[in-house]
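Descriptive analysis of the structure
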Amino acid sequence: MNRSWRPRWHAVVAGFSLALWLFMAAAEACPTLHAWLHGGAVPDQDDCAVVAVAHGKVETIVADIPVVVPVTTLEIIFLPEFSAPHTASVILPDGRGPPVFCTVS
């Protein structure tokens, strides 16, 4: 659902819930409306929503939903570095290597 429509949708659902509750309260206060909802006459053992609202038998449910907390982990891996001296035994032709002495060039 789009973010801009979410508050509107909440307002519509809240308005509908309030209208339904007020309609049930009006049916509780007006016996003719209650009888009309039942089709003409209210039965002796009536257990409809209007009677439940009138007697306070509406139970609210508390939801015990665990909170999901995102866990951010940071993994640091230390890679060992080894350095070993390595002697190169490359024989270069004459005149291609470094000078033997600093004074001779």
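Residues numbered from 1 in each chain as written. Predicted model: local features only at pLDDT ≥ 70, side-chain atom pairs only at ≥ 80, totals over all residues. Heavy atoms only, no water.

A closer look at the overall build of the chain
A tally of regular secondary structure across the chain gives 3 helices and 0 strands. Burial status across the chain gives 10% buried among its 105 residues. Roughly 10,400 Å² of accessible area belongs to the chain as shown, and the carbon and sulfur atoms make up 64% of that amount. (Helix = DSSP H or I, 4+ residues; strand = E, 2+ residues; numbered from the N terminus. Buried < 20%, exposed > 50% of the residue type's maximum accessible area, 1.4 Å probe, protein only. Areas by Shrake-Rupley, 256 points an atom, 1.4 Å probe, with all protein chains shown as cover.)

Quick word on the packing of aromatic side chains
Evaluation of the coordinates by the stated rule reveals 0 aromatic pairs. Lying across the ring of Trp 5, Arg 8 places its NZ or CZ 4.9 Å from the centre. (Phe/Tyr/Trp six-rings, centres within 6.5 Å; stacked < 30°, edge-to-face > 60°. Lys NZ or Arg CZ within 6 Å of the ring centre and 35° of its normal.)

Digging into a nonpolar patch on the surface
Taken together, the side chains of Leu 18, Trp 21, Leu 22 and Val 58 make up a nonpolar region of the molecular surface, amounting to roughly 410 Å² of accessible area. On the secondary structure map, Leu 22 appears in helix 1 (residues 6–29). (Patch = residues over 30% accessible without salt bridge, like charges linked within 9 Å, V, L, I, M, F, W, Y side chains within 5 Å. Salt bridge = Lys/Arg side-chain N within 4 Å of Asp/Glu carboxyl O.)

Here's the deal with the nonpolar core
By size, the foremost hydrophobic cluster in this structure holds 7 residues: Met 24, Ala 27, Leu 33, Cys 48, Val 50, Val 51 and Val 53. For this core, the elements supplying multiple residues, two or more each, are helix 1 and helix 3 (49–55). Broken down by element, the residue count for this core peaks at 3 residues, all from helix 3. Among residues more than four places away in sequence, those in contact with Val 50 are Met 24, Ala 27, Glu 28, His 34 and Leu 37. (Core = buried A, V, L, I, M, F, W, Y, C linked by side-chain atoms within 4.5 Å. Contact = heavy atoms within 4.5 Å.)

Re the side chain of His 34
Inspection of the secondary structure puts His 34 in helix 2 (residues 31–37). Residue His 34 is classed as buried on the basis of its relative accessible area, which comes to 11%. The contacts of His 34, once residues within four sequence positions are left out, are Ala 27, Val 42, Asp 46, Cys 48, Val 50 and Val 51.

Looking at the confidence of the model for the chain
Counting all residues, the mean pLDDT for the chain is 79, and 85% of those residues have values of 70 or more. When pLDDT is averaged over each helix and strand of the chain, the minimum, 79, is found for helix 3 and the maximum, 89, for helix 1. (pLDDT = per-residue confidence, 0-100.)

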